[in-house]
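Descriptive structure summary
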Amino acid sequence: MGRSISEGEVVMKATNVLLPLSIVTRLGVVLLLCFFAMMTEYLNYKTAYNNPRLVELASGKSVRVFYEATDAIFDFLGDPIEVAQSNGGMTWSIRVLGVPFTDPVAAISVFAKGGSWTWGFVLGLAVPVSLALIFGRVFCAYVCPASLAFYTMFRIRHVLEKWFLLPDLKLNRGFAWGVLIGGTGAAIWAGHGVWSLILPYFAVGQTLFHGIAMGTLSISLGSIVFFALLDLFFGPQFTCRYVCPTGRLLGFIGRRSLVSVRRDANRCIDQCNTCAEVCPMNVSPKLDQTVDCSLCGACLTMCPSNCLSVGNRGEK
Amino acid sequence: MKNSWISRKTSRSSFIKSLIGGAVAAFLIPLIDKLPAKSRFRRFLRPPGALPGDAFLDACIGCAQCVNVCPNKCITLYGLEGGIENLATPKISARAQACILCMACTQVCPTGALEKLEPTKEGMRAVNMGVAVLSEDVCYSYAGRTCGVCYRACPLPGEAMTIGLFEQPMVHPEYCIGCGLCEQSCVHMPQAIRVIPRSEWEDRLARARLS
């Protein structure tokens, strides 16, 4: 008896890692976006002055501190221009250490409007698509900077639900497919810029970039606020579950992913439905559903009988 | 058997209803363009190596990598001031900060909206951002006050621009690449020389021939 409890505690510790890890990686992505935006500012000072004293004379003491700190970072990274050429962009289309990453929705949109791709653009699809094929919808829980804001809204809803009765609307999965089709149509009609209003992570990237690199407010901020209010008042994680076309597309690509959440039916408690209740993506591990699972680890943390684990789909 | 068929049919109909709802919701977004209080009067340049006209808008996805790499900080992004079709695409305001033709942006563009160019004279000659147009009635040099600032700013002096007596500048449109350095450097306010898109310059030429 005692032995089984200690075994359970070890499993608890291993599974508890996933949820904090997902928050840390998403925060890391936000910091990376901020760093890229600030690199723009730094590059300008570097090419224009290349001297802390001149920077201070031109823009003040605080900018000198920023300049010297960034200088110290680039002593480590290398030549600023070369670093800027191999790192940059935002979650929509990013380049890290010279490796390009392309959003599948961007690829669809460009192909629908222009009818052709460049090689670098297609190569950028390799990592996101293979990640989706292996792990499923992990982009949503580990990369998407907007889902961090929506997860915060999810927790705020939890607190508010103690006093208020908040609605929990459910839409069909067709809605997100419709947004994908309608958004592509709007992109053909009006330009790829409409995605900066439709896709929450693109909107976050635009807002951060406008704010930090250019010092202006972006229209994308309006769409983030709109989606956050949708999450707060329409349903938990409403945008991620029913609106976001990228999530739907990645969920479709990774619907038979190699790695998924597995359930040990012998240990599972019949009356318990905790895993389905805490799932931000509206998946029920209880019914052995794994489509749309983003491997965020919320169910693993909450499961009272530790019957859930993450592993190869084929092995039970 | 019959029941399952009905449930599948209803789920399919709700799927199609949601599909249409989502498509209509997303397709309504370009209607932002119809909002009032928006000025389209100002024109901006595109970064060097940009595909001509609509081909650029077809390829550019607004990822801001060109803005990110620009060491001159001359490239910024459109908000809604250029309409929804220009939203999130790069622009250059030459009078505020003109392009120095370092070609860093053309190296990083992922979709080929900016063609790859080298920061050499040959690379510069391949750029087509517009044509500089001189207003001789505003220019200091044509009023007898020797200036010549624009000639000294020109990246292709002797080809795109030559100077005559009293440093009076002459633009040669067939060689001008429209980088806007002359527009930025002009000491007169408002500027005596400005860059306009090549298509508009051709329109002006045709109109001048007609009249």
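Residues numbered from 1 in each chain as written. Chains lettered and ligands numbered in written order. Predicted model: local features only at pLDDT ≥ 70, side-chain atom pairs only at ≥ 80, totals over all residues. Heavy atoms only, no water.

**Side note on the sheet that holds strand 3 (residues 99–102) of chain A**
Residues and elements named next belong to chain A. Which entries qualify depends on this criterion: DSSP-based pairing: two strands are paired if at least 2 bridges between them are found. The way it works is that DSSP assigns letters per residue, a run of H or I at least four long becomes a helix, a run of E at least two long becomes a strand, and they are numbered from the N terminus. Interaxial angles span 0 to 180 degrees and are taken between N-to-C directions of axes, which are lines fitted to C-alpha atoms, for helices over the stretch in contact. Should any heavy atoms of two residues lie within 4.5 Å, those residues are considered in contact.
If you walk across this open sheet you meet the three strands as 1-2-3, and the pairing is antiparallel. Edge positions in the sheet fall to strand 1 (88–90) and strand 3, since each has one partner strand and no second. Strand-to-strand twist across the sheet, computed as the mean angle between neighbouring axes with direction ignored, equals 25 degrees. In this structure, strand 2 (residues 93–96) lies alongside strand 3, joined through four bridges in antiparallel fashion. Bridging from a neighbouring strand, Ile94 pairs with Phe101 of strand 3. Set on the sheet, helix 2 (residues 18–48) makes contact with strand 1 and strand 2; between it and strand 2 the angle comes to about 85 degrees.

**Some thoughts on the packing of aromatic side chains**
Residue and element names in this part refer to chain A. Selection rule: The criterion for an aromatic pair is that two Phe, Tyr or Trp rings (for Trp, the six-membered ring) have centres within 6.5 Å, with stacked assigned to planes under 30 degrees apart, edge-to-face to planes over 60 apart and tilted to the rest. Each residue is assigned to one of three classes by its accessible area relative to the maximum for its type, calculated with a 1.4 Å probe on protein chains only: buried under 20%, partly exposed between the two thresholds, exposed over 50%.
One pass over the structure, following the stated rule, counts 16 aromatic pairs over all chains. Summarising the aromatic geometry, the rings of Phe35 and Phe36 are spaced 6.4 Å apart at their centres and angled 45 degrees between planes, so their arrangement reads as tilted. Centre to centre, the rings of Phe111 and Trp117 are 4.8 Å apart; their planes meet at 45 degrees, and the pair counts as tilted. Classification of Phe111 by relative accessible area gives partly exposed; the value is 44%.

**Section: the domain arrangement of chain B**
Residues and elements named next belong to chain B. Rules: Just so you know, the domain bounds were taken from an automatic or database domain assignment. Buried area adds together the accessible area that both of two parts lose upon being put together, with accessible area traced by a 1.4 Å probe. Salt bridge, as applied in this entry: a Lys or Arg side-chain nitrogen positioned within 4 Å of an Asp or Glu carboxyl oxygen. Contacts described as polar in this section are N or O atom pairs within 3.5 Å, which, within protein, must combine one atom able to donate a hydrogen with one able to accept it, while residues neighboring in sequence count only if both atoms come from side chains. Amino acid classes used here: Ala, Val, Leu, Ile, Met, Phe, Trp, Tyr, Cys and Pro are nonpolar; Asp, Glu, Lys and Arg are charged; the rest, including Gly, are polar.
As assigned here, chain B comprises domain 1 (38–126) and domain 2 (130–211). Between the C-alpha centres of domain 1 and domain 2 there is a distance of 22 Å. The interface of domain 1 with domain 2 comprises 13 residues on the first partner and 19 residues on the second. Buried area between domain 1 and domain 2, both sides added, is near 1300 Å², and the carbon and sulfur share of it is 52%. Considering only the surface of domain 1 that becomes buried against domain 2, Arg43, Leu45 and Arg95 emerge as the three largest contributors, covering 46% of it. Our count for the domain 1 to domain 2 interface comes out at one salt bridge. The residue Glu159 makes a salt bridge to Arg125 at a minimum N-O spacing of 2.7 Å. Between domain 1 and domain 2 we count seven residue pairs in polar contact (both at pLDDT 80 or more) in total. Residues belonging to the side of domain 1 that touches domain 2 are distributed by class as follows: eight nonpolar, one polar and four charged.

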